Amino acid sequence: MKSGKDIGKKIVASLSVLFAILIGIGVGLAIAGTSNVENTENWDEIAPALPTKLLDINGRLITEFAGDEKRELVSLNELPQHLINAALAREDPDFYHHRGFSVRGIMRAAFGIITGQSLGGGSTITQQVAGTLYADRSDYSIKRKLVELWYAIQMERRYSKNEILELYLNYMIMGPGVYGVEAASQYFFGHSARNISLGEAAVLVIQLSSPSRYNPLSNPNIAMDRQRSVLDRMVELGYISRAEAEASFTEYWDNYDYTRVATSAYYNREDKAPWFSEYVRRELDSLMYGSMDYYRDGYTVYTTLDLDAQDAAQKYVNQGIDRANRSYNAQQNVRLTDATQIWTPIAQLLSLTFNLTGIDQTAAGQNEYLARNRYTKTINPILDMGALLFGMQDLKVITNSAYADMKTSAAENQVEGALITLEQDSGYIKALVGGSHYDESNQLIRATQASVQPGSSFKPLYYSAAIDSRKFTPATLIYDTPTVFHNQDGTPYIPVNFNGTYIGQMLLYYALASSQNIASVKILDGIGFDAAIQRAAALLGINDEATIRRTFPRVYPLALGVISVAPIQMAKAFATFANQGQEVRPIAIRYIEDRNGKLVMDVEREIREEQRKKGDAIQIISPQNAAVMTNILRKTVEVGTLRNPSAQGSKFIFKDENGKSFTMPFAGKTGTPQNWSDAWTVGFSPYYTTAIWFGFDKPGNSLGVSLTGSTLAGYVWADYMRDIHQGLPFKEFTVPPSGIVEAKVCNYTGLLASSACPRQVSLFFLEGTQPTSYCNYHIPAAQKSSVASIVLPGQENLLFDANSLTSSLQMPSLDINKILNYNYTASTEQSTITENSGDSDSEANSNTDSDYGLSIPTYNPFMN
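Residues numbered from 1 in each chain as written. Predicted model: local features only at pLDDT ≥ 70, side-chain atom pairs only at ≥ 80, totals over all residues. Heavy atoms only, no water.

## Points about the overall build of the protein
Next up, step 1: Per the secondary structure count, the protein includes 26 helices and 26 strands.
Next up, step 2: Among the 864 residues that make up the protein, the fraction classed as buried is 50%.
Next up, step 3: Within the protein, contacts between residues at least 6 apart in sequence are counted, and of these 70% link residues at least 24 apart. (Helix = DSSP H or I, 4+ residues; strand = E, 2+ residues; numbered from the N terminus. Buried < 20%, exposed > 50% of the residue type's maximum accessible area, 1.4 Å probe, protein only. Contact = heavy atoms within 4.5 Å.)

## Observations regarding the side chain of Lys635
Next up, step 1: For Lys635, the position within the fold is in helix 24 (residues 623–638).
Next up, step 2: Those residues in contact with Lys635, other than ones at most four positions away along the chain, are Tyr509, Ala513, Gly640, Val761, Ser762 and Leu763.

## Some thoughts on helix 22 (residues 567–578)
Next up, step 1: For helix 22, which comprises twelve residues, the first-to-last C-alpha distance of 17 Å matches the rise-based estimate of 16 Å (1.5 Å per residue) to within 8%.
Next up, step 2: Following helix 22 by one or two positions, Gln580 has its phi on the positive side, about 60 degrees. (Expected span 1.5 Å × (residues − 1).)

## Points about the side chain of Asn487
Next up, step 1: For Asn487, the location among the structural elements is in the loop between strand 9 (485–486) and strand 10 (492–493).
Next up, step 2: Among the polar contacts listed, one links the side chain of Asn487 to the backbone nitrogen of Tyr556, at a separation of 2.9 Å.
Next up, step 3: Excluding its chain neighbours within four sequence positions, the residues that come into contact with Asn487 are Tyr493, Val555, Tyr556 and Pro557. (Polar contact = N/O pair within 3.5 Å; in protein donor to acceptor, adjacent residues only side chain to side chain.)

## What about the sheet that holds strand 5 (residues 300–303)?
Within a sheet, each strand pairs with its neighbour through backbone hydrogen bonds, oriented either parallel or antiparallel.
Next up, step 1: Strand order in the open sheet formed by five strands is 2-1-5-12-13, and the pairing between neighbours is mixed. Strands at the two margins of the open sheet, each flanked by one partner only, are strand 2 (61–65) and strand 13 (599–601). In this sheet, adjacent strand axes meet at a mean angle of 25 degrees when their direction is disregarded.
Next up, step 2: One ladder, built from four bridges, connects strand 1 (residues 52–55) with strand 2; its direction is antiparallel. (Pairing = 2+ DSSP bridges. Axes fitted to C-alpha atoms, helices over the stretch in contact; angles between N-to-C directions.)

## Concerning the nonpolar core
Next up, step 1: Ranked by internal contacts, the top residues of the largest apolar core, which has 144 residues, are Phe552 and Tyr720.
Next up, step 2: Here the element with the most residues in this core is helix 13 (residues 307–354); it accounts for nine residues.
Next up, step 3: With 53 residues, the next largest nonpolar core counts Ala89, Val129, Val205 and Leu231 among its residues. (Core = buried A, V, L, I, M, F, W, Y, C linked by side-chain atoms within 4.5 Å.)

## Regarding the pairing of strand 12 (residues 589–593)
Next up, step 1: Among the five residues of strand 12, four are classified as buried, and the element is accordingly described as predominantly covered.
Next up, step 2: Direction of pairing for strand 5 relative to strand 12: antiparallel, over a ladder of four bridges. Note on strand 12: the bridge partner recorded for Tyr302 is Tyr591.
Next up, step 3: The antiparallel hairpin formed by strand 12 and strand 13 contains five residues in its connecting segment, where Gly597 sits at a positive phi of about 85 degrees.

## Some remarks on the packing of aromatic side chains
Within a pair of aromatic rings, the relevant descriptors are the distance that separates the centres and the angle that separates the planes.
Next up, step 1: Here the structure, examined in full by the defined rule, presents 27 aromatic pairs.
Next up, step 2: Cluster of aromatic residues (ring-pair linked, three or more members): Tyr187, Phe188, Phe189, Tyr252, Trp253 and Tyr256.
Next up, step 3: Cation over ring: Arg228 sits above Phe249, and NZ or CZ is 3.9 Å from the ring centre.
Next up, step 4: For the cation-ring pair, Lys731 lies above Tyr687, with the distance from its terminal atom to the ring centre recorded as 4.9 Å. (Phe/Tyr/Trp six-rings, centres within 6.5 Å; stacked < 30°, edge-to-face > 60°. Lys NZ or Arg CZ within 6 Å of the ring centre and 35° of its normal.)

## Here's the deal with the environment of Met174
Next up, step 1: By the element assignment, Met174 lies in strand 3 (residues 173–175).
Next up, step 2: Remark: the alpha-carbon pair of Met174 and Tyr187, spanning 13 residues in sequence, is separated by 9.8 Å.

## Details of the packing of helix 17 (residues 459–469) against helix 22
Next up, step 1: In the contact formed by helix 17 and helix 22, the axes pass within 10 Å of each other and the chain directions differ by 40 degrees. Comparing their axes, helix 22 and helix 17 come out oblique. At the point where helix 17 passes helix 22, the crossing takes the left-handed sense. Facing Pro460, Leu461 and Ser464 of helix 17, the residues of helix 22 in contact are Ala573, Phe574 and Phe577.
Next up, step 2: Grouping the constituent residues of the contact of helix 17 with helix 22 by class yields five nonpolar, one polar and no charged. (Parallel < 35°, antiparallel > 145°, perpendicular 65-115°, else oblique. Left-handed = near helix turned anticlockwise from the far one by under 90°. Nonpolar A, V, L, I, M, F, W, Y, C, P; charged D, E, K, R; others polar.)

## Re the environment of Pro567
Next up, step 1: The topology assignment puts Pro567 in helix 22.
Next up, step 2: As for Pro567 and Ala450, which are separated by 117 residues in sequence, their C-alpha atoms are 7.4 Å apart.

## Observations concerning helix 24
Next up, step 1: Taking 1.5 Å of rise per residue, 16 residues should cover 22 Å, and helix 24 covers 23 Å from first to last C-alpha, within 8% of that figure.
Next up, step 2: Where burial is concerned, most of helix 24 is hidden: 13 out of the 16 residues are buried.

## Here's the deal with the confidence of the model for the protein
Next up, step 1: Here the protein shows a mean pLDDT of 81. Residues at 70 or above account for 71%.
Next up, step 2: Predicted confidence for residues 29–40 stays below pLDDT 50, and this span has ten contacts to residues more than four positions away or in other chains.
Next up, step 3: Under a pLDDT of 50 for its full length, residues 813–864 has, in the predicted model, 102 contacts with residues more than four places off or in other chains. (pLDDT = per-residue confidence, 0-100.)

## Comments concerning the sheet that holds strand 16 (residues 667–671)
Next up, step 1: In space, the five strands of this open sheet follow the order 7-6-18-17-16, with antiparallel pairing throughout. Lying at the two open borders of the sheet, with one neighbouring strand each, are strand 7 (428–433) and strand 16. For this sheet the average axis-to-axis angle between neighbouring strands, irrespective of direction, equals 10 degrees.
Next up, step 2: Note: strand 6 (residues 415–423) against strand 18 (residues 688–696), nine bridges, orientation antiparallel. Opposite Glu416, over in strand 18, you have Gly695 as the bridge partner.
Next up, step 3: Its contacts with the sheet put helix 24 on strand 16 and strand 17 (679–684), and the angle it makes with strand 16 is roughly 65 degrees.

## A closer look at the environment of Arg194
Next up, step 1: The topology assignment puts Arg194 in the loop between helix 8 (180–189) and helix 9 (198–205).
Next up, step 2: For Arg194 and Val74, which are 120 residues apart along the polypeptide, the C-alpha to C-alpha distance reads 8.6 Å.
Next up, step 3: Residues contacting Arg194, with those up to four places away along its chain left out, are Leu73, Val74, Glu78, Pro80 and Glu182.
Next up, step 4: At 3.1 Å, the side chain of Arg194 forms a polar contact with the side chain of Glu78.

## Things to note about the state of the cysteines
Next up, step 1: Under the defined criterion, the tally for this structure stands at zero disulfides.
Next up, step 2: Here Cys757 stays unpaired: no disulfide links it, and the sulfur of Cys775, its closest cysteine neighbor, is 3.7 Å away. (Disulfide = S-S within 2.5 Å.)

## Topic: the packing of helix 17 against helix 20 (residues 529–540)
Next up, step 1: It is the contact of helix 17 with helix 20, at a shortest axis distance of 8 Å, that shows an interaxial angle of 125 degrees. Looking at the two axes, helix 17 sits oblique to helix 20. In this structure, helix 17 crosses over helix 20, and the sense of that crossing is right-handed. From helix 17, Leu461, Tyr462, Ser464, Ala465 and Asp468 reach across to helix 20, where they touch Ala531, Ala532, Arg535, Ala536, Leu539 and Leu540.
Next up, step 2: Its residues assigned to classes, the contact of helix 17 with helix 20 comprises eight nonpolar, one polar and two charged.

Quick look at the structure:
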């Protein structure tokens, strides 16, 4: 509730404004009567329209925003009366009765300020025109209002009411790059304002207030509400009947095209980064207010884009899309050929032989598919041309429907791609690719707007929670064996690995690097859904509880990434690992200057201030957790699914300014949903984080088993990251000075490595979670004794006399069940062999002591 003091301040301020305006009115009326004013007026002195320039991080021109859809003038007597009435009802019902200003309107606006209500502005149509032509309407000051009022009075004296209204309806901005009712009607409805319907007129006039907020293409629900208010006002003023209002409202929304998106008329301009430019344009729509118009006000927008990185991004994404579509179409052709030449004739034969009418529909469906395909690709374009040439509207409707079917089919069968690169230190968007090509029919910025499954690239998000739980470390032994999990409703879930094989025991870091599904589900099961979802939501920047519940299903397939996210969210999450656990806020616009070089918006400074106010909350995960996760994700490049795409790391070998070679560290993760519908790679260096996605706009299709996150997106990622790091000096990932322990462990047992361990790996651990005992499976020769005690993972202790056992090995071998708890007495001392009753390892992963049927697991081949 507002205090009396606050209301008092508002009253004083409002009365001051009102008093100044009344003085201005009096002065204006007095001066208006002098004979020399008319001779000294310069009505043609209008600020020229200038395009807004977008500059990249190095000051290079990206593109210019200018309304290239020329204003089309239309006289007032050519416009339908209901359009004129709608404009008057919405903006100025007393237009024909005042002298350029409305005291009642001014009082209403002042009362709105006092009470904090939105009661509309106090400016008349004449004042709006005067303010647009001769004042800066983004300047909310008494001076501007006086200037606006002065020129409004002069315009009323010089021009007739109809001339002012005609100027108003032809000059004002009414859409993205659209000025005047004629151009706006062509843009929104596809026909002249001379033929506008009542419902369309009500939609058109609300654009006069806020072209971005009330745009029916981007905000149909808001536009619907405002349209109804205009129609109601027209009924109230007697312009139309209630029945006409209801009929026009229903007619408009019954025929509304919800698939169309709001775009600006600038497709013929030169644009070096059209996807990024469109992203910035949408940002400007939300940032700019009032009469600020980036199509004609000549702003300079300083952005974060690097045109060199952008060129490389578009190049490699296009290569990936082309490759994916060739592969997909080849697979489709093979399947179609098999169906046509093999399965369809068999179906027909069976149908005819055994009178199976149902099975014959398979052949009929195939024939229908071929006929429809031929029609849409060959016949329909000819019919469409004829419809245009001879004005056959009914035929044109049919051909348009066929084109719509083709567009839907293309969305289902055309592989698309997206890429976004963030500089994790700053959040700068260095490159952004939203798809194959940008035009009027392809405007979905998939890098920021796509909602697709991330597959295994989601796994690191909850692995981070597993590390913080201290139940798991990078060296925890995980067993990759067939396992049944039961969801909360009791339904069983049996995950399988990508190739349907089982590896056996492995360390946690390798389970992630090689993207093993069963091991990952076990980790999710070990930490619980709450911890996993909480961490994933924080990293993805999802804070709303309702959105979290909708995004993350509490079922075990969650471990394999069965959620919907955009590439920018995945890039943000991985950039947090690279940024020592601190939040990374993607930024496209740094600051904006007006045509005179004056700073009008410092976007980055405002963002930094917001981040500063967050305090410790900006730390999404601890620097120690980020360091451990980065260390694990480096293994994906070194020994995991990004090893081949990076050519065993050779793509990341660079030379410094002295010609000395060095290897830049990289980390990342691939992802492929289990139906192979999408292919992901998200990875980072100490400089940049990049997320890459390939897939379909509509679900239902599969890229095929040959196109995965590793084999498709991985190669694009590696080649692109190699190019954008050329010329950069060596840089290592930041490691916090405390709370982290680096240890070299045995790659088989996960214990501290001894000199006898053939395969060792250096891993990071949260302090206190590192192994403290040495590997007792691989024993150095100097430490071996006659009697050895070996602890095998997953087995009981084996105690034996090494020399006696070796000399006693004989053929043939005995059955394992006959030697359980068998006591073997040697000549010098007795050893007891105790075998557990668990499942033995497969032959490929074990050495078998033939005499005693003793199965001793050896190091798995995948650990090489």
